Amino acid sequence: MVQCPNCGGILKFDIASQQMKCDSCSSQFDPYAFEMHGAEESTDYDVTIFRCPQCGGEISSTDETAAGFCSYCGSSNVLESRLSKEKRPQLIIPFKKTKKDCEAAFEKFIKKAIFAPKSYREAGRADSFRGIYMPYWLYDMSQRCDVNIPSSTSHRSGDYIITDHYMNRGRLDNYYNGVSYDASSSFADDISSDIAPFNVKDITKFSPSFLSGYYADLADVGVEAYMDTAVELAQESTYNYLKNSSPMAHQSFDSPKERIKDSIKTNINVTRSAMFPVWFMSYRNRDRVAYATVNGQSGKVSADIPMSVPKYLVCALVIAAILFAVFQMVFTIVPKILIFLVSIIALISVLTYGSEMKKLAAKENYDDDIGMQYREQRLREKKNSRLQAQKGASFDNQAGYEDAYVITQNDIKRAKREKARKNKAEKKSASFSVLIIAVILIFIVGGTIFGEMLESMFDTGDIGIGAGVVSLIFLIISIVSAVNARKNIADMNSVNGLPASIWSVVSLLIIMVVCFWSPINDIIYYVASMIAMIGVILNIIGIIRGHNLLSMRPLPQFEMYRGGDDRA
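This text gives an overview of the structure that appears in the document. (Residues numbered from 1 in each chain as written. Predicted model: local features only at pLDDT ≥ 70, side-chain atom pairs only at ≥ 80, totals over all residues. Heavy atoms only, no water.)

Moving on, we get to the side chain of Ser-27. Tracing the chain through its elements places Ser-27 in the loop between β2 (19-22) and β3 (28-29). Given the relative accessible area of 16%, Ser-27 is considered buried. Within the local environment of Ser-27, its side chain forms a polar contact with the side chain of Asn-6, the two groups lying 3.0 Å apart. The residues touching Ser-27, leaving out its near neighbours within four places in the chain, are Cys-4, Asn-6, Leu-11, Met-20, Lys-21 and Cys-22. (Helix = DSSP H or I, 4+ residues; strand = E, 2+ residues; numbered from the N terminus. Buried < 20%, exposed > 50% of the residue type's maximum accessible area, 1.4 Å probe, protein only. Polar contact = N/O pair within 3.5 Å; in protein donor to acceptor, adjacent residues only side chain to side chain. Contact = heavy atoms within 4.5 Å.)

Below you can see the structure in the form of structure tokens.
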């Protein structure tokens, strides 16, 4: 905590003036005026770390006063605190956008999300945004090498196409400075990339004074985690320049893209640590949380936006009623056309649900989050080292074994949870396999029953046969999609049971039976269409719930999570 030299009040960093401002007497001071002697040589600075008892999130601050709000899970529990020394970052971009600017940017952004829940909209207006300095790694890279790029141009001369081949030789002398990636596993890579870029023109030397009145997340991802990604970005940028903006832009490159990129030798010369400003809001619903973030320098917004199921269904029914009325005025929808249209909708809903489950499984397994993958790898290495320490060790405090590794209660709990999760996944997989076998048996048995019916239909040339064949194809595709969705569900903790697309599979099965049956009574078509649409609606509800799971994240129950200021 920084105290005012004039009145002893608390000084906080004021965004408008970019100075330290006293809450009591409004005096202003330069942020660097409070650096202690020798601070530039020091690699650490004093902070208070607040730990949320509900989600395990850790919040750091230069202010030792108690925090009453966890920025990562939204809990209002009183947070536990402890003093600590943390490694000083080298650079910082101070906040440029005030909380008022942040709330205005979010309000403009959320107006486009017409299906967002009312409670989510109100959360953005309830003074719930908090300023957090997020840790970043900065990479300065150079590309100084010779490149040889074969290329060609073609032109027509009469009846001939003439191709000229070239070998472009030259020397690259490129520099990429300040390429940034977030250094916190708690700050998801998709969020940090959405609010990028930060302009390094505002970057300055770090001082703890900038954190006064705000909280800062601390780095738990090593600088080596993003090195390959930074090099890949530099190579991709250079290739795009050579391909689209250089004197070779009118030529066709004859070598594969990856080969050319590999020939661009990229070196990381300097790595630096920094803190960038982010306005942060958490919206909690049961055991999941959605985040809205605003770039504290540019005002760019990124938000996890869940959907309201009632809002979506009401809107969908209104649009469907309008379209049905319009179609009825233009042409008459006969029963067989209606049931065929329903089958198309059912197939689309099955494929959409499968896509949502695939994206959700990738998100929950952190397939695209390099920071979390790095952290999980470190935890696995730590666990393996513990297991190695157990081998041959005695746990009865005999002489020579005082320092032997002892299994902790957390190790036992984690092992039990992992075993329970695997058993649950195996049971789900077995039950779904039984369902698939049952469906196949229905086809085999039903083939005999439908055999004579199909023969008579082919003889009469009834158009229901074509629709039946198409619906059969749709059904097979939907079963494959449902099986894949079930596999993705088995890999997740947030979803269990059968996939919601099973309802659309049943709908397509009903449609197929009716199409091959080709009854004379139109009422059967209408009843089948209504039953099938009920199944589709149930599937759509599953899609929305999957989207909400995708847009909301599990509570940050991780050992090394840290968060942001509850008062900024």
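Turning to the packing of helix α6 (residues 309-330) against helix α12 (residues 522-551), a few remarks are in order. Relative orientation of the contacting elements α6 and α12 amounts to 135 degrees, with a least axis distance of 10 Å. Classified by the interaxial angle, the pair formed by α6 and α12 is oblique. The two elements α6 and α12 meet at a crossing, and its hand is right-handed. Of the residues in α12, those in contact with Val-309, Tyr-312 and Leu-313 of α6 are Ile-537, Ile-540, Ile-541 and Ile-544. Across the contact of α6 with α12, the residue classes tally to seven nonpolar, no polar and no charged. (Axes fitted to C-alpha atoms, helices over the stretch in contact; angles between N-to-C directions. Parallel < 35°, antiparallel > 145°, perpendicular 65-115°, else oblique. Left-handed = near helix turned anticlockwise from the far one by under 90°. Nonpolar A, V, L, I, M, F, W, Y, C, P; charged D, E, K, R; others polar.)

Let's shift gears to unusual backbone geometry. Put simply, Ala-196 and Pro-197 share a cis peptide bond, and its omega is 5 degrees. Mapped onto the secondary structure, Pro-197 falls in the loop between α3 (189-194) and β10 (204-205). For Gln-18, which is not a glycine, the phi torsion comes out positive at approximately 60 degrees. Relative to the helices and strands, Gln-18 resides in the loop between β1 (11-14) and β2. Non-glycine residue Ser-26 carries a positive phi angle of around 65 degrees. Relative to the helices and strands, Ser-26 is located in the loop between β2 and β3.

All chains considered together, the criterion is met by nine salt bridges. The partner of Lys-201 in a salt bridge is Asp-202, with the nearest N and O atoms 3.2 Å apart. (Salt bridge = Lys/Arg side-chain N within 4 Å of Asp/Glu carboxyl O.)

Moving on, we come to the packing of aromatic side chains. Under the definition given, this model contains 16 aromatic pairs. One aromatic cluster is present, built from ring pairs that chain together Phe-95, Tyr-133, Tyr-214 and Trp-279. It is Lys-243 that lies over the ring of Phe-253; its NZ or CZ is 4.7 Å from the centre. (Phe/Tyr/Trp six-rings, centres within 6.5 Å; stacked < 30°, edge-to-face > 60°. Lys NZ or Arg CZ within 6 Å of the ring centre and 35° of its normal.)

A sheet is described by the order of its strands in space; here three strands give the open sequence β1-β2-β3, paired in antiparallel fashion. Here the strands that pair on one side only, and so sit at the sheet edges, are β1 and β3. For β2 and β3, the ladder comprises two bridges, and the chain directions are antiparallel. Paired with Lys-21 across the strands is Gln-28, a residue of β3. (Pairing = 2+ DSSP bridges.)

What follows concerns the nonpolar core. Counting residues in each nonpolar core, the largest one holds 39 residues, and the members touching the most others are Phe-106, Tyr-120, Tyr-133 and Met-275. For this core, the elements supplying multiple residues, two or more each, are β1, β2, β4 (44-51), α1 (99-110), α2 (118-125), β13 (267-285), β14 (288-295) and β15 (301-303). At four residues, β13 tops the list of elements feeding residues into this core. (Core = buried A, V, L, I, M, F, W, Y, C linked by side-chain atoms within 4.5 Å.)

Here we come to the side chain of Gln-235. Within the secondary structure, Gln-235 sits in helix α4 (residues 227-244). When its relative accessible area of 11% is taken as the criterion, Gln-235 is described as buried. One polar contact links the side chain of Gln-235 to the main-chain carbonyl oxygen of Lys-261, over a distance of 3.3 Å. Among the polar contacts listed, one links the side chain of Gln-235 to the backbone oxygen of Ile-264, at a separation of 3.0 Å. Non-local contacts of Gln-235, meaning those with residues more than four positions away in its chain, are made with Gln-143, Lys-261, Ile-264 and Thr-266.

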